[in-house]
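Coordinates in review
Now for the letters of each chain:
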Amino acid sequence: MRNTFGNIFTLTTFGESHGAAVGGVVDGMPPGIEVDLAFIQHELDRRRPGQSDLTTSRKEADKVELLSGVFEGKTTGAPIGFIVRNTNHHSQDYENLRCLFRPSHADYTFHKKYGIRDHRGGGRTSARTTISRCVGGAFAKLALRKCDVKVNAYTSQVGNIVLDADYHRYNLDLTESNDVRCPDPEAAEKMACLIREVKSQGDTIGGVVTCVVSGCPVGLGEPEFDKLHAALGGAMLGINAVKGFEIGEGFASATMRGSELNDLFICQDGEVGTATNHSGGVQGGLSNGQDIFFRVAFKPVATILKEQPTVDLEGAPVTMKARGRHDPCVLPRAVPIVEAMAAMVVLDHLLLQKTVAWGL
């Protein structure tokens, strides 16, 4: 089972949803970076359960404990070990799922691959393991501050409520002003109402997170097998419940002509740039200095509070109804996870470029 992400900047994770703790080891972190523990905890607080009536009611403090790699408030370059303890797991809520396969979960595939599975909340396949990604992403963001690289994500769609594709229309500083994490307050209220409606019906709903990375230098990525947009796509598709990724115009470009889609080069203040950014900041697999923007599609949460037919471990048909505490929509809590994965990818590629001039 592979549990390590990255090349130079790496994150190795451990833990299960209903185990004693989740945690990880960040390696390749540049030394001498000031560690803002309050910021790291804030990133976890954005992801933690129970933060509003739009999320699961599971109550966890998600308090991070740093075990190594930090001395007198700065990174040392050594591996950074960390742990977040589970304190509010209700494993008994999952006992009825011990001997059956939940529809659209990893129960069947995990069982067939490994011959054993932890039925309590999904075990290793639970989205609770994304805690480790948020910690790794927080450290990556601290390093990216020295490069003036910023990563901002927001909820741009819930169900059929969709924001305009042009992120420039929105003040992204408003993203954290509401529980949905949408920079359009009016749309955010509609999204919240839809999530509450779906929740009251025992159902779930999906949506889209848009992410903008600004301040990247030209040339991050590789022109062949490690294209920057491919690395970002792989990172996003590795997040629980993600089913789609598109960068720039994405699938819409299939209906456009080259004369419409091409980003024409211009010179501004002595620097080469582009008049438009249909490419989403990446051309030929390399960053071009423009904003990198992409969208990540999340499916509805597979656990619904309605009866569903399925089969047990022996293949016999059974009827199941999930119990426990679950998100009716993952979008509000997915925003910091998308940011974290993007930050780790960008920092990893900065380090692969050995960009000493950027202060790393």
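Brief notes about the side chain of Thr 13
Structurally, Thr 13 can be placed in strand S2 (residues 10–15). By relative accessible area, which is 16% here, Thr 13 ends up buried. Separated by 2.6 Å, the side chains of Thr 13 and Arg 124 make a polar contact. When residues no more than four places from it in sequence are discounted, the contact partners of Thr 13 are Asn 3, Gly 23, Gly 24, Arg 124 and Ser 132.

Points about the packing of aromatic side chains
Tallied over the entire structure, the rule returns four aromatic pairs. Taking 4.7 Å as the distance between ring centres and 45° as the angle between the ring planes, the aromatic pair formed by Phe 110 and Tyr 114 counts as tilted. On the criterion of helical spacing, the pair formed by Phe 110 and Tyr 114 is a turn pair, its members being four residues apart in helix H2 (residues 107–114). Phe 110 sits in the buried class, given a relative accessible area of 17%. By relative accessible area, which is 34% here, Tyr 114 ends up partly exposed. Taken together, a centroid distance of 5.4 Å and an interplanar angle of 45° make the contact between Phe 245 and Phe 294 tilted.

Thoughts on the nonpolar core
Among the nonpolar cores identified, the biggest contains 82 residues, and Val 158, Val 213, Met 236, Ile 292, Phe 294, Phe 298 and Val 338 are the most heavily contacted of them. Beyond its immediate sequence surroundings of up to four residues, Phe 298 is in contact with Gly 206, Gly 207, Val 209, Ile 239, Asn 240, Ala 241, Val 242, Val 330, Leu 331, Ala 334 and Val 338. Residues Tyr 94, Leu 97, Met 320 and Ala 322 belong to the second largest nonpolar core, which totals five residues.

Here's the deal with the environment of Glu 65
Relative to the assigned elements, Glu 65 resides in strand S4 (residues 64–66). Residue classification places Glu 65 among the partly exposed residues on the basis of a relative accessible area of 29%. On a C-alpha basis, the gap between Glu 65 and Leu 172 in space is 30 Å, while along the polypeptide they are 107 residues apart. Engagement of the side chain of Glu 65 in a polar contact is seen with the side chain of Arg 85, the distance being 2.9 Å.

Here we look at the environment of Phe 265
Within the secondary structure layout, Phe 265 lies in strand S12 (residues 265–268). Taking relative accessible area as the criterion, Phe 265 reaches 59% and is therefore assigned exposed. When the C-alpha positions of Phe 265 and Ala 275 are compared, they lie 6.2 Å apart, and in sequence the two are ten residues distant. Ignoring sequence-local partners within four residues, the contact set of Phe 265 consists of Val 272, Gly 273, Thr 274 and Gln 283.

Observations regarding the pattern of salt bridges
One pass over the full model with this rule turns up 18 salt bridges. A salt bridge links Glu 43 to Arg 46, with the nearest nitrogen and oxygen atoms 3.2 Å apart. Within this pair, Glu 43 and its partner Arg 46 are both found in helix H1 (residues 37–47), separated by three residues, close to a single helical turn. Taken as a pair, Glu 43 and Arg 46 share a single burial class, namely buried. Across the salt bridge formed by Lys 306 and Asp 203, the nearest N and O atoms sit 3.6 Å from each other. Of this pair, Lys 306 sits in the loop between strand S16 (292–298) and strand S17 (308–311) while Asp 203 sits in the loop between helix H4 (185–200) and strand S10 (207–214); the two residues are 103 residues apart in sequence, bridging distant segments of the chain. Taking the relative accessible area as the measure of exposure, Asp 203 reaches 27% and is therefore partly exposed.

With respect to the sheet that holds strand S1 (residues 4–5)
Taken in spatial order, the five strands make up an open sheet running S1-S2-S3-S7-S4, and their pairing is antiparallel. The sheet terminates laterally at S1 and S4, the two strands that pair on one side only. Relative to strand S7 (residues 80–85), S4 runs antiparallel, the two sharing three bridges. Bridging from a neighbouring strand, Val 64 pairs with Val 84 of S7. Most of the contacts of H1 go to S4, to which it runs at about 145°, and overall it touches S4 and S7.

Calculation criteria
Residues numbered from 1 in each chain as written. Predicted model: local features only at pLDDT ≥ 70, side-chain atom pairs only at ≥ 80, totals over all residues. Heavy atoms only, no water. Helix = DSSP H or I, 4+ residues; strand = E, 2+ residues; numbered from the N terminus. Buried < 20%, exposed > 50% of the residue type's maximum accessible area, 1.4 Å probe, protein only. Polar contact = N/O pair within 3.5 Å; in protein donor to acceptor, adjacent residues only side chain to side chain. Contact = heavy atoms within 4.5 Å. Phe/Tyr/Trp six-rings, centres within 6.5 Å; stacked < 30°, edge-to-face > 60°. Core = buried A, V, L, I, M, F, W, Y, C linked by side-chain atoms within 4.5 Å. Salt bridge = Lys/Arg side-chain N within 4 Å of Asp/Glu carboxyl O. Pairing = 2+ DSSP bridges. Axes fitted to C-alpha atoms, helices over the stretch in contact; angles between N-to-C directions.

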